[in-house]
Amino acid sequence: MSLVHRLTCACGQVTLIAEKAPIASVECYCSSCRAAGLRLQRLPGSRPVLGRHDGTRYVLQRKDRVRFAEGHERMKAFRLSPDAGSRRVVADCCHTPLFLEFKGGHWLSLYGGLWPTGTLPALQMRTMTGDLADPSVLPDDVPNLKRQSGPFFLALLKAWIAMGLRNPQIKVTGEINA
Ligand SMILES: [Zn+2]
Ligand SMILES: [Zn+2]
């Protein structure tokens with residue numbers, strides 16, 4: 001697996017470079033990701049965000065291992081509500097969702113749809129499956145975590161320590177409504 005991934009929006013104007021190993025490769029089933037996915041995939045030109053059983057595929061990457069190579073000014077923030085502590089950042093050229101960022105977080109949850117076919121890091125776990133009406137529909141090929149617990153937090157904590165407990169800021173100007 002290559003350790004430099006060039007990730008572009010659907011129309012090619014926004015390019016992110018993800019370097020070195022990701023923190024984790026997950027699928028989230030929380031109510032917020034499902035609500036946001038529904039709204040984002042309705043934007044004109046957008047491709048499906050939600051997968052089977054309405055999961056959202058993410059690759060968690062240290063912020064200091066993501067470079068914004070092209071089209072940074074096209075990145076717009078989408079919030080589920082005006083006071084939401086997290087934001088999802090979307091390319092306004094073609095409405096490709098780029099990443100989910102938690103306020104104060106040291107990582108980005110990059111949308112799995114950015115990876116070219118066949119290059120997405122293998123799924124390691126599903127998170128927040130307790131938010132599904134019936135989590136038993138999920139396959140059991142990887143751990144299905146009811147919450148964001150145990151292995152998920154441990155991976156994030158290890159990454160943060162390796163970063164020297166820093167929280168790099170990512171500047172996004174402008175908002176997008178969905
Ligand atoms: Zn685009
Ligand atoms: Zn989620």
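Now for a description of the structure that goes with this document. (Residues numbered from 1 in each chain as written. Chains lettered and ligands numbered in written order. Predicted model: local features only at pLDDT ≥ 70, side-chain atom pairs only at ≥ 80, totals over all residues.)

**Some points on the sheet that holds strand E2 (residues 15-19)**
Definition in use: For two strands to pair, DSSP has to find at least two bridges joining them. Elements are defined by DSSP. Helices are runs of H or I of four residues or more, strands are runs of E of two residues or more, and each kind is numbered from the N terminus. Helix axes are fitted only over the stretch in contact, all axes being lines through C-alpha atoms; the angle between N-to-C directions runs from 0 to 180 degrees.
Taken in spatial order, the 3 strands make up an open sheet running E1-E2-E5, and their pairing is antiparallel. Pairing within the sheet leaves two strands with one partner each, and these edge strands are strand E1 (4-8) and strand E5 (66-70). Between one strand and the next, the sheet's axes are offset by a mean angle of 25°, whatever the strand orientation. Bridge count for E2 against E5 is 4 bridges, and the pairing is antiparallel. The residue of E5 that forms the bridge with Leu16 is Phe68.

**Some words on the sheet that holds strand E9 (residues 107-111)**
Applied cut-off: We call two residues in contact when the distance between their C-beta atoms, placed using the backbone, is within 7 Å.
Here 7 strands make up an open sheet; going across it, the order is E6-E7-E8-E9-E4-E3-E10 and the pairing mixed. Pairing within the sheet leaves two strands with one partner each, and these edge strands are strand E6 (75-78) and strand E10 (125-127). Averaged over all adjacent pairs, the angle separating strand axes in this sheet is 35°, with direction ignored. As judged from the 4 bridges shared by E6 and strand E7 (residues 86-91), these two strands associate in the antiparallel manner. Across the sheet, Phe78 pairs through a bridge with Arg88, a residue of E7. Against the sheet, helix H1 (residues 31-40) engages strand E3 (24-28), strand E4 (56-62), E6, E7 and strand E8 (97-102), with an angle of about 25° to E7. Strands in contact with helix H2 (residues 150-162) are E3, E4, E9 and E10; relative to E10, the strand with the most contacts, it is inclined by about 100°.

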